[in-house]
Amino acid sequence: RDMQIAQQIQSSLLPQNLPIFSGIDLAAFSHPALDIGGDYYDIIQIDDKHIGLVIADVSGKGIGGALMMAVCRSVLQSNARNEYDPASMLTSLNNILSDNLAEDMFISMLYMVLNTETHLLSFARAGHEAPIILHRDNQKIDRDESDGIAIGLVDSSTFKSIIETKNIQLRSGDLVVTYTDGITEAMDDTGEEWGLENLLNSIKENNKHTATNLLENIENKVLEFAGNTPQHDDMTMLAINID
């Protein structure tokens, strides 16, 4: 029953429909596991030409993890307006949440700000997987491992000294894929993980599709790989396709 309540909370907090922007194709999915890990993604309207994109994983299980995800969503949405620096946003989030997290709970998060007109992407990582950026014109993949540590693990001054914002100018045809570790750590019946290499190969193989079709293909491949093996972490992805 605890798992059912957590799933209900989690699903109610995720976007029911993604916003539409000219020249930008957005897609996402979250496939819950039997044991709720508190995955969260969202797209936040900062102003008329900037959006915030977040994907996160709360370490706590059950209702505790789902409720902390709800707190994250509330803080992000209330503080996002006119905040264009992802590192500053994550620092504020750490300041607010770190004293209220249980000792065994932390939050990994990737927060990005996209200018919907110039397509400048800024991002910062709080202990989360780096975004995968595929440049379709040359098939090159970028994964910028910027500095950062998960929310709730260190004091405010230490967190601020570590976190950093990276900027990348997206071009027409560029594809940005973000994910939680439930994707790469999905296991088959032998205990083998699907892994980052399979994810990168799947992105390259399906990069001519829309963002929605790309994620559908990846989700199907991960689930096919796992088969009937119970998964113990949510699988969540968020993709941006620049037309």
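Keep in mind the model is a prediction, meaning the values are calculated, not measured. (Residues numbered from 1 in each chain as written. Predicted model: local features only at pLDDT ≥ 70, side-chain atom pairs only at ≥ 80, totals over all residues. Heavy atoms only, no water.)

Visitor: How do you make sense of the pattern of salt bridges when you look at a structure like this?
Guide: Any two side chains of opposite charge can pair if their charged atoms end up close together. All told, the structure shown has 3 salt bridges when counted by the stated rule. Of the charged contacts, one joins Glu129 and Arg143 as a salt bridge, the two residues approaching to 3.9 Å between their closest N and O atoms. Of the two residues, Glu129 sits in the loop between strand E5 (120-126) and strand E6 (132-135) while Arg143 sits in the loop between strand E7 (140-142) and helix H4 (156-162), which places them 14 residues apart along the sequence. Given the relative accessible area of 29%, Glu129 is considered partly exposed. With a relative accessible area of 26%, Arg143 lands in the partly exposed category. Here Glu205 makes a salt bridge to Lys221, at a shortest N to O gap of 2.7 Å. Pair noted here: Glu205 is in helix H6 (residues 195-205) and Lys221 is in helix H7 (residues 211-226), with a separation of 16 residues, a long-range link. (Salt bridge = Lys/Arg side-chain N within 4 Å of Asp/Glu carboxyl O. Helix = DSSP H or I, 4+ residues; strand = E, 2+ residues; numbered from the N terminus. Buried < 20%, exposed > 50% of the residue type's maximum accessible area, 1.4 Å probe, protein only.)

Visitor: Looking at this structure, I do not really get the pairing of strand E10 (residues 235-242). What am I missing?
Guide: Every regular strand shows the same layout, with side chains that alternate between the two sheet faces. By the criterion of burial, E10 is predominantly enclosed, with 8 of the 8 residues buried. Of the two faces of E10, the one lined by Met235, Met237, Ala239 and Asn241 and the one lined by Thr236, Leu238, Ile240 and Ile242 are each fully buried. Where strand E9 (residues 174-179) and E10 come together, 5 bridges link them in antiparallel fashion. The partner of Val177 across the bridge, within E10, is Ala239. (Pairing = 2+ DSSP bridges.)

Visitor: Explain the nonpolar core here, please?
Guide: Nonpolar side chains in soluble globular proteins tend to be buried together. Ranked by internal contacts, the top residues of the largest apolar core, which has 50 residues, are Ile107, Met109 and Ile151. For this core, the secondary structure elements donating two or more residues are strand E1 (24-31), strand E2 (39-47), strand E3 (50-58), helix H2 (62-79), helix H3 (86-97), strand E4 (107-115), E5 and E10. No other element matches the 7 residues that E4 contributes to this core. If near-sequence neighbours (up to four positions away) are discounted, Ile151 is found in contact with Leu90, Leu93, Asn94, Leu97, Leu101, Phe106, Ile107, Met109, Ala126 and Phe159. Counting residues in each nonpolar core, the second largest holds 21 residues, with Leu199, Val222, Met237 and Ala239 among its members. (Core = buried A, V, L, I, M, F, W, Y, C linked by side-chain atoms within 4.5 Å. Contact = heavy atoms within 4.5 Å.)

Visitor: Just to check I follow, could you spell out H6 for this structure?
Guide: Because the α-helix completes a turn every 3.6 residues, residues three or four places apart line up on one side. Along H6, the residues classified as buried are Gly195, Leu199, Leu200, Ser202 and Ile203. Taken together, the buried residues of H6 touch E6, E7, E9, helix H5 (181-184), H7 and E10.

Visitor: Please clarify how the sheet that holds E4 should be interpreted in this entry.
Guide: Read from one edge of the open sheet, 5 strands run E2-E3-E4-E5-E8, paired in antiparallel fashion. Two strands bound the open sheet, and with one partner strand each, they are E2 and strand E8 (166-169). Between one strand axis and the next, the sheet turns through 20 degrees on average, direction left out of account. On top of the sheet, H2 reaches E2, E3 and E4; it is set at about 10 degrees to E2, its chief contact. (Axes fitted to C-alpha atoms, helices over the stretch in contact; angles between N-to-C directions.)

Visitor: Any chance you could explain the sheet that holds E1 here in plain terms?
Guide: In spatial order, the strands read E1-E10-E9-E6-E7; together these 5 strands make up an open sheet with antiparallel pairing. For this open sheet the edge positions go to E1 and E7, each flanked by a neighbour on one side alone. Put simply, the sheet's adjacent strands are angled 15 degrees from each other on average, direction ignored. As paired elements, E6 and E9 share 4 bridges and run antiparallel to each other. When the bridges of E9 are listed, Ile132 appears paired with Val177.

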